[in-house]
Every structure is written in C-alpha cells, then in structure tokens.
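Below, each chain spelled out in residue letters.
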Amino acid sequence: MLKLIQNEHMKWFHKRSTKITFITIGILTLCMALLVKKVSNSAGTEDNLLHFLSFSSGMLILVQFFALAVGGSMVAKEFEAGTIKLLLIRPARRSTILASKYLTLILISLYYLLSYLLFSFVWGALFFGFTSLEGDAQLLKNITLTYDSAYMETFMMMTFAFMLSSLFRNSALASSLAIVVSIGAKAVTALVSELGLWWGKFLLFANTDFVQYMDGMKPLFDGMTIPFSIFILVAHFAFFMGVAWVAFLKRDVAN
C-alpha cells in the first residue's frame with residue numbers, strides 16, 4: 001500500500017498542473033492581501049493578521065475546486081491513458097489500488113488546504129504584521145471552525161468526484177461534472193432552505209457547514225443537530241465510496 005501511495009505522489013508531483021496549482025494559490029492569496037491592504041488604507045483603518053485570515057477563509061472554495069479536479073482525474077485518467085493495465089498487472093488487489101488512490105487524494109487535498117493557509121499567513125504577516133491580536137480569541141475560533149467546515153465540504157465533494165472518476169473513463173467529464181454539481185447543489189440547498197421545505201435537511205450541503213451550530217446561530221432547517229449532520233455525512237460517504245468500489249472492481253479493462 002505504501003509503495004502504491006508513493007507512486008501516486010510521484011505521478012501527481014511531476015504533473016505540470018500541480019506546480020501551476022500551488023503558484024495559483026500563492027498569487028490569489030497575494031491578490032487578496034493587496035486588496036485588503038488597499039481597502040484598509042483607503043478607509044484609514046488598521047487590519048491585523050487574524051482579520052486577514054478571517055477574510056481569506058471566505059475563499060476556501062478555491063481549494064475545493066482544485067481538489068475536485070484531482071479527484072475527478074484520479075482513476076479516470078488511468079483509463080484514458082491506458083496505464084490502468086500496468087497497475088492491474090501488479091500483485092496488489094484492485095481494492096488496494098483504489099484505496100491507495102483515495103488515500104493519496106485525501107493527502108493532496110490537505111496539501112492544498114495547508115498551502116492556502118500558509119500563503120495566507122505569510123502574506124498576512126507581511127502586510128499586516130502581528131500587532132493588535134489581543135482579544136481576538138473568538139475570531140481565531142471562528143477561523144478554525146471555518147477551515148474545518150470548508151474541509152469537510154471539500155472532503156465530501158472530492159469523494160463524490162472520486163466516485164465519478166471510477167464511473168467514467170473521461171477525467172475532464174468527471175472533474176467538470178463534480179464542480180458543476182458542487183455549485184448547483186449549494187444553490188439548490190439555499191433555495192430549499194428559503195422555501196422552508198423539511199426534506200432539505202437530508203441534503204449533503206445542508207450538513208457540511210458546522211458553523212451553523214455555533215452559539216447564537218440557527219441551523220438551515222429545523223430539527224438539525226450535530227449528530228444528525230454527522231449521520232447524513234456518513235451515509236453520503238458510504239454511498240459514494242460504495243459506488244466507486246463496485247464500479248472499479250467490476251470495470252472491464254480489456255479495451
């Protein structure tokens with residue numbers, strides 16, 4: 001298993017798109033820092049590192065899109081390139097190969113998330129410094145919870161993208177469909193919440209945001225609790241992975 005994960009890392013790291021992604025994250029967070037700095041100067045106010053981290057955390061959807069792109073190509077790309085046959089002639093079982101790919105996907109998503117946080121921290125420290133951080137314990141808690149919730153959403157959607165990658169032989173189709181569904185599902189969840197439809201609490205995106213359970217916040221739908229959201233997430237995860245496993249284990253690679 002470890003050698004398979006190392007092999008997946010090597011293939012991912014040597015892709016040109018991997019380097020472009022990290023460069024893009026660095027540039028985007030830099031642009032955010034410059035924008036916040038300009039607004040602060042224009043308003044005659046002073047921001048600090050935590051305030052910038054709070055602002056930048058609102059754009060974590062970028063990390064999700066990058067993870068979805070990788071998730072959608074993780075398996076489908078092997079069929080596109082015909083390299084799946086080289087993997088399957090190894091002594092490792094199909095389930096082990098698929099597990100190594102999924103574990104690699106999880107690690108890659110964490111690399112993206114941590115790089116986003118690191119770049120945000122570096123630019124924030126450079127432009128705003130470490131001054132005036134006293135009394136911001138609640139803000140730090142909010143930032144941490146925002147990152148946790150954002151990764152939970154990313155984790156679930158990249159698992160969905162991984163399922164599509166196991167179902168389709170076209171990586172572009174799997175990645176694009178995952179991103180479109182991600183955007184569309186959020187819009188549907190918001191609409192159902194506005195209409196007050198009770199069944200909306202069973203939707204995936206109604207349960208990925210744990211910020212709604214903070215003190216003073218109201219959940220999207222009545223009757224929702226943290227254990228309920230965890231149950232819904234586990235149910236969706238089991239379905240996504242079950243479909244991916246069955247599709248990959250039964251996939252014919254003769255052609």
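Above this text you will find the structure in question.
Peer 1: For this particular structure, what's the right way to read the packing of aromatic side chains?
Peer 2: Two numbers describe a pair of aromatic rings. These are the distance of the centres and the angle of the planes. Here the structure, examined in full by the defined rule, presents 15 aromatic pairs. Aromatic side chains Y102 and F155 sit 6.4 Å apart centroid to centroid with 65° between the ring planes, which places their arrangement in the edge-to-face category. With a gap of 53 residues between them, Y102 in helix α7 (residues 94-128) and F155 in helix α8 (residues 137-167) connect regions that are remote in the sequence. For Y102, a relative accessible area of 6% translates into the label buried. An aromatic cluster is built from W12, F22, F66, Y111 and Y112, whose rings are joined through pairwise contacts. Here the basic side chain of K19 rests over the ring of F13, its NZ or CZ set 5.2 Å away from the ring centre.

Peer 1: Quick question: what am I supposed to make of the side chain of S175 here?
Peer 2: Here S175 shows up in helix α9 (residues 171-195). Apart from the residues within four sequence positions on either side, S175 is in contact with L68, A69, G72 and S73.

Peer 1: Mind showing me how you'd approach the side chain of S56 here?
Peer 2: For S56, the position within the fold is in helix α3 (residues 49-56). In contact with S56, other than residues within four places in its own chain, are M32, Y116 and S120.

Procedures and definitions
- Counting restarts for each chain: residues are numbered from 1 in the order of the written sequence.
- A pLDDT threshold of at least 70 governs which residues receive local features in this predicted model, and a stricter bar of 80 or more applies before side-chain atom pairs are shown or counted, although totals over entire chains, interfaces and linings include all residues.
- Side-chain measures here rest on the full set of heavy atoms in the structure, leaving out hydrogens and waters.
- In summary, the pairing rule links any two rings of Phe, Tyr or Trp, Trp by its six-membered ring, whose centres are within 6.5 Å, and it sorts them by plane angle into stacked for under 30 degrees, edge-to-face for over 60 and tilted for everything else.
- Under the scheme used here, helices are H or I runs from DSSP no shorter than 4 residues and strands are E runs no shorter than 2 residues, and both carry numbers assigned from the N terminus.
- Accessible area is worked out with a 1.4 Å probe on protein chains only. A residue is then buried under 20% of its type maximum, exposed over 50%, and partly exposed in between.
- Charge-over-ring contacts are defined here by two conditions on Lys NZ or Arg CZ: a distance within 6 Å of the ring centre and an angle within 35 degrees of the ring normal.
- Note on contacts: a residue pair is in contact if any heavy atoms of the two residues lie within 4.5 Å.

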